[in-house]
Amino acid sequence: MFRRSFNRFCAGEEKRVGTRTVFVGNHPVSETEAYIAQKFCDNRIISSKYTLWNFLPKNLFEQFRRIANFYFLIIFLIQVTVDTPTSPITSGLPLFFVITVTAIKQGYEDWLRHRADNEVNKSTVYIIENAKRVKKESEKIKVGDIVEVQADETFPCDLILLSSCTVDGTCYVTTASLDGESNCKTHYAVRDTIELRTVESIDNLRAAIECEQPQSDLYKSLGPENLLLKGATLKNTKKIYGVAVYTGMETKMALNYQGKSQKRSAVEKSINAFLIVYLFILLTKAAICTTLKYVWQSTPYNDEPWYNQKTQKERETWKVLKMFTDFLSFMVLFNFIIPVSMYVTVEMQKFLGSFFISWDNDFYDEEINEGALVNTSDLNEELGQVDYVFTDKTGTLTENSMEFIECCIDGHKYKGVAQETDGLSQTDGPLPYLDRADKNREELFLRALCLCHTVEVKPNDTVDGVTESSELTYMSSSPDEIALVKGAKKYGFTFVGVQNGYMRVENQRKEIEEYELLHTLNFDSVRRRMSVIVKTQSGDILLFCKGADSAVFPRVQNHEIDLIKVHVEHNAMEGYRTLCIAFKEIAPDDYERVNRQLIEAKMALQDREEKMEKVFDEIETDMHLIGATAVEDKLQDQAAETIEALHAAGLKVWVLTGDKMETAKSTCYACRLFQTNTELLELTTKTIEESERKEDRLHELLTEYRKKLLREFPKSTRSLKKAWTEHQEYGLIIDGSTLSLILNSSQDSGSNNYRSIFLQICMKCTAVLCCRMAPLQKAQIVRMVKNLKGSPITLSIGDGANDVSMILESHVGIGIKGKEGRQASRNSDYAVPKFKHLKKLLLAHGHLYYVRIAHLVQYFFYKPLYDAAYLTMYNICFTSLPILAYSLLEQHINIDTLTSDPRLYMKISGNAMLQLGPFLYWTFLAAFEGTVFFFGTYFLFQTTSLDENGKVYGNWTFGTIIFTILVFTVTLKLALDTRFWTWINHLVIWGSLAFYVFFSFFWGGIIWPFLKQQRMYFIFAQMLSSVSIWLTIILLIFVSLSPEMLRIVLRSVRRRSTRSNLSCKKASDSLSTRPSVRPLLLRTFSDESNIF
């Protein structure tokens, strides 16, 4: 047995607050020291929300936080405690139905989470105890346990890699479940324990690890090359041994498991506004009725008629208290104008409607064998209300499929394939053969491409000695790196792979060169470069660096920049992605210092990232520029047509990218974000540096651009969409540094209004390009637009992890299932395979979703009475299924028309169908029909003897007639509004009417005689025996629907008169896009209708 004590991660620093000490194997480091077991959380993962004991109280508490549910609870309690004209069942049963359905839905979802947790917690793992492999459940793992993980198994907790089956202590890991990246990452065992490859030797280890407390950031971890995260999968390695440092809810995966902020749609906000209006109407009606009651009772005879004398208790009751209870009674009587079942119907409509996106075969992509994905159904209608679209460029507008185009070495341009004898060939123009870089510089450049990367070679592709280059398969999280390695391979230098810490390169002479990989200075979005430090076979130590020109040029010799800069700018104008390549030699003494600084920074427990960034910054200086590369990222199929359609629909499209301005501008022209006649306004470092004081120049440009745009466009924001096609189009280009200057400007009188002026300019531009953007700046841009006056609806779409911040910030987030992993699609509300699918998602699905749910909401407030059973069944059974079917299946305009004529999208923008005008129309219609129902039946009852035998009808017959007219009218109104009929519509509309008749016979005791004791006995059957009542019902239904029928006739006449003009206009203005050939549902649409 041997003892070992190492402080792996503190690098000589004293133990601090905020750290933890982990004893490997839960053994004391020294036998003389007393060992006290530390208390850490167990390894259970809990993602569920409820337990068996707290489900009922917790769920009820959450549901009654919703205003409508709480309101109906109060109404129910009033009915129970106060003498009211209706039974408590009338509000209690619908409320119970809503609460029960919601509780079942939430309980089922939480049960699924419990089941998923148990699958993880009860999974089998192997722990090393007493030199034996002990089989345990995952939840039994404790901090300090040594865990054995085999190939293709996921890590059960966060582990420090102690050793692996390989000699060099490496293992390969995929983190697709964490960050969506499917590439293999290499991790390294702690150097002190690499040799411990057996159960016996690893169990004899006596060591302590001091590490920081758990934190959620996946990329800010202690010893990232040693830490294996829970949820990651071991690949291409037979087995590893690791010590558990973070378990259960303290693992990074668990700390990253947090709910996204709740997004509320504009329709939901309109519903709340309508509820407030109707609540005010309810209170007003109750107050008026209470007042009129006491006015009427001011006459003694009316207050206490001879047949209804008051009791002594009623005479002694305090009058104010009696007025209050009467007020509550009237509230209960009229409370059905607020439909409690609407919430359930809306939830069902959103949930079921979201499947139409997943089922749409037009969203299916054969390349990835996947279709669209709906992560949340709460925002379906928001897809039809988007004002601003924020899109990433690389991987979203472009394919993110890189191809090496050309390179530049010492100012000499190389393009084409290599010749066997000459190495690189220069094929760009009739330049003489000798006009090329030095042979040694060419080889140095190609070696830099082969060494400066994080590319891995798929195992079993290399053979000792001779390598079949054609069989190599490269893997990397960045397509750029693979393109550069393949570019070097095309010119004779092939990266063979990494073996025992040595990078192997096959040169043009088919010789294998080995370079010891000393350090990798990883790429990050702040530095915008990456470097490697390698040691040659001759002992020389070299640093190779590649990165953006803005990140590399300040760190090389000035005289070397000019030759390369010309080519970089030219390639950027062509739309290529460019990287600059530099190197420097490091003396042995300097390397000793650099190595010590790097190790100290990597093992620091406090401020690790800042220290590493500082060391990287010191190392990557005084380099020599070798050349630059140009890689092409092709535009995605139909990306240009999609952006053109979005513009025609009145949407403003902003491109937010980290690329340089020239490359991004070229892509924007290619995808038609900028037209040839678009006047570009630039706010970039280049335009601002013309002045000594940047803020003064910035203020001058902002003022100049604002004046120009205010002269061109009207002040009204609503008229801007139409003005785009009538006036000069303007586009704005801004870079990250200028944006920082605007957002963080000093607060003196000349610059404190930068932001407001900038926003005014942006609102007048049809398109905006933001280049050199950091991920945080993307989110800042989205947040800034969200907070504009009028609260425009924003949509962000991207494919990479750097797009997650803006996807989460916007009202609607769309993830592209791209090649930069699935982190964007995992954090989005909707995910689609390609950018082109955004066109149909918004113009067709979004349009239809909004129209459907807007009609559903207005209809529920329109159709809002008498016997408790009828009141209870009205919103639950008699009228709920037809509107639900309508809100799922209605297609008022052909999908081909919606996608080919994007201008239709503008008709519903700004929440047009739930504004004051439509709301007043539906309210007036409800009031008109209610008046017709009541007074039409009232006039019929002027003669109460309606039968030939002279039998007199009473209040229950009067109410039943009104209720029958109500049910038939609101159902037939929906039938008139339906443009797209399916068998489902026929079933629920006519079936609901038939069910009402059946229920009336049933409740009246005809079908079920046991109900003969209740007050509705035989009412419905006797009512239908009168011919006059039949005629009254038919007449009043016709009169009630006459305004709607008149509107349909007038709309039809207007459509016919303008049909020829519209056809001509569509022929001249429609976009040249191929319409969809597959309908959304069962049959083709009716394009003979409009939404208004």
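Residues numbered from 1 in each chain as written. Predicted model: local features only at pLDDT ≥ 70, side-chain atom pairs only at ≥ 80, totals over all residues. Heavy atoms only, no water.

1. As for the packing of aromatic side chains
Here a ring pair, both rings aromatic, is described through the centre-centre distance and the interplanar angle of the planes.
Right, so step 1: A complete count under the given rule lists 14 aromatic pairs for this structure.
Right, so step 2: Residues Phe390 and Trp654 carry aromatic rings whose centres are separated by 5.3 Å and whose planes lie at 75° to one another, so their mutual orientation is edge-to-face. Of this pair, Phe390 sits in strand S13 (residues 388-391) while Trp654 sits in strand S25 (residues 652-656), and the two are 264 residues apart along the sequence. The pair formed by Phe390 and Trp654 is uniform in burial state, with each residue classed as buried.
Right, so step 3: An angle of 70° between the planes, with centres 5.7 Å apart, marks the rings of Tyr669 and Phe674 as edge-to-face.
Right, so step 4: Residue Phe674 is classed as buried on the basis of its relative accessible area, which comes to 1%. (Phe/Tyr/Trp six-rings, centres within 6.5 Å; stacked < 30°, edge-to-face > 60°. Helix = DSSP H or I, 4+ residues; strand = E, 2+ residues; numbered from the N terminus. Buried < 20%, exposed > 50% of the residue type's maximum accessible area, 1.4 Å probe, protein only.)

2. Comments concerning helix H17 (residues 588-602)
Right, so step 1: With 15 residues, H17 extends 21 Å from end C-alpha to end C-alpha; this agrees with the ideal 21 Å at 1.5 Å per step.
Right, so step 2: Turning to H17, its buried residues are Tyr591, Val594, Asn595, Leu598 and Ala601. Within H17, the buried residues cover an arc of 135° as seen down the axis, which keeps them to one side.
Right, so step 3: Those residues of H17 that are buried are in contact with strand S20 (512-521), strand S21 (529-535), strand S22 (541-547), strand S23 (577-586) and helix H18 (608-619). (Expected span 1.5 Å × (residues − 1). Arc of directions from axis to C-beta. Contact = heavy atoms within 4.5 Å.)

3. Details of unusual backbone geometry
Right, so step 1: Residue Asp410 is not a glycine yet carries a positive backbone phi of 55°.
Right, so step 2: Notably, Arg672 is not glycine yet its phi reads approximately 65°, a positive angle.
Right, so step 3: With respect to the helices and strands, the residue Arg672 is situated in the loop between helix H20 (661-670) and strand S26 (679-683).
Right, so step 4: Judged by its relative accessible area of 28%, Arg672 is partly exposed.

4. Some points on the nonpolar core
Right, so step 1: In terms of nonpolar packing, the biggest core is built from 63 residues, with Ile338 and Val857 touching the most fellow members.
Right, so step 2: Sort the elements by how many residues they give to this core and helix H29 (residues 837-862) lands first, with 10 residues.
Right, so step 3: Ranked by size, the runner-up nonpolar core spans 45 residues in total, among them Ile643, Phe674, Ile733 and Leu795. (Core = buried A, V, L, I, M, F, W, Y, C linked by side-chain atoms within 4.5 Å.)

5. Some words on the confidence of the model for the protein
Right, so step 1: When the pLDDT values of the protein are averaged, the result is 76; 77% of them are 70 or greater.
Right, so step 2: S22 holds the highest mean pLDDT among the elements of the protein, 93, whereas helix H23 (residues 720-723) holds the lowest, 49.
Right, so step 3: Across residues 425-434, confidence stays below pLDDT 50; counting only partners more than four residues off in sequence or on other chains, it has 14 contacts.
Right, so step 4: Contacts for the low-pLDDT stretch residues 747-751, under 50 throughout, to residues beyond four places or in other chains number seven contacts. (pLDDT = per-residue confidence, 0-100.)

6. Concerning a nonpolar patch on the surface
Right, so step 1: Taken together, Met348, Phe351, Leu352, Phe355 and Trp359 make up a surface patch of nonpolar side chains, about 480 Å² in accessible area.
Right, so step 2: Where the nonpolar patch is concerned, the elements lending two or more residues are helix H11 (341-353) and helix H12 (355-359).
Right, so step 3: Here the nonpolar patch takes three residues from H11, the largest share from any one element.
Right, so step 4: Examined against the element boundaries, Met348 turns out to sit in helix H11.
Right, so step 5: The class of Met348 is partly exposed, set by a relative accessible area of 36%. (Patch = residues over 30% accessible without salt bridge, like charges linked within 9 Å, V, L, I, M, F, W, Y side chains within 5 Å. Areas by Shrake-Rupley, 256 points an atom, 1.4 Å probe, with all protein chains shown as cover. Salt bridge = Lys/Arg side-chain N within 4 Å of Asp/Glu carboxyl O.)

7. Here we look at the pairing of strand S29 (residues 794-798)
Right, so step 1: Across the five residues that make up S29, a large majority, five, are buried.
Right, so step 2: Here S29 shows two buried faces, one formed by Thr794, Ser796 and Gly798 and the other by Leu795 and Ile797.

8. A few points about the sheet that holds strand S28 (residues 767-771)
Right, so step 1: The mixed open sheet is built from nine strands, whose spatial order is S12-S31-S30-S29-S13-S25-S28-S27-S26. The open sheet terminates on both sides in strands that have one partner only, identified here as strand S12 (373-374) and S26.
Right, so step 2: Against the sheet, helix H24 (residues 736-743) makes contact with S26, strand S27 (730-735) and S28, and its axis sits at roughly 90° relative to S27, the strand it touches most. (Pairing = 2+ DSSP bridges. Axes fitted to C-alpha atoms, helices over the stretch in contact; angles between N-to-C directions.)

9. Digging into the pattern of salt bridges
Right, so step 1: Applying the stated criterion across every chain, the model contains 36 salt bridges.
Right, so step 2: Where Asp326 meets Lys293, a salt bridge forms, and the shortest distance between an N and an O atom there is 2.8 Å. Of the two residues, Asp326 is situated in helix H10 (residues 319-334) and Lys293 in helix H7 (residues 266-296); the sequence distance between them amounts to 33 residues.
Right, so step 3: On the basis of relative accessible area, Asp326 is assigned to the buried category, the value being 8%.

10. So, the environment of Ser358
Right, so step 1: Structurally, Ser358 is set in helix H12.
Right, so step 2: The partly exposed category is assigned to Ser358, whose relative accessible area is 34%.
Right, so step 3: As for Ser358 and Val832, which are separated by 474 residues in sequence, their C-alpha atoms are 9.5 Å apart.
Right, so step 4: With residues up to four places along the chain from it excluded, the contact list for Ser358 reads Ala372 and Val374.

11. Structural notes on the packing of helix H2 (residues 67-81) against H10
For any two helices packed against each other, one specifies the crossing angle of their axes together with the interaxial distance.
Right, so step 1: Relative orientation of the contacting elements H2 and H10 amounts to 120°, with a least axis distance of 10 Å. The angle between H2 and H10 places the two elements in the oblique class. In the packing of H2 onto H10, the handedness of the crossing is left-handed. From H2, Tyr71, Ile75, Ile78 and Gln79 reach across to H10, where they touch Leu328, Met331 and Val332.
Right, so step 2: Its residues assigned to classes, the contact of H2 with H10 comprises six nonpolar, one polar and no charged. (Parallel < 35°, antiparallel > 145°, perpendicular 65-115°, else oblique. Left-handed = near helix turned anticlockwise from the far one by under 90°. Nonpolar A, V, L, I, M, F, W, Y, C, P; charged D, E, K, R; others polar.)

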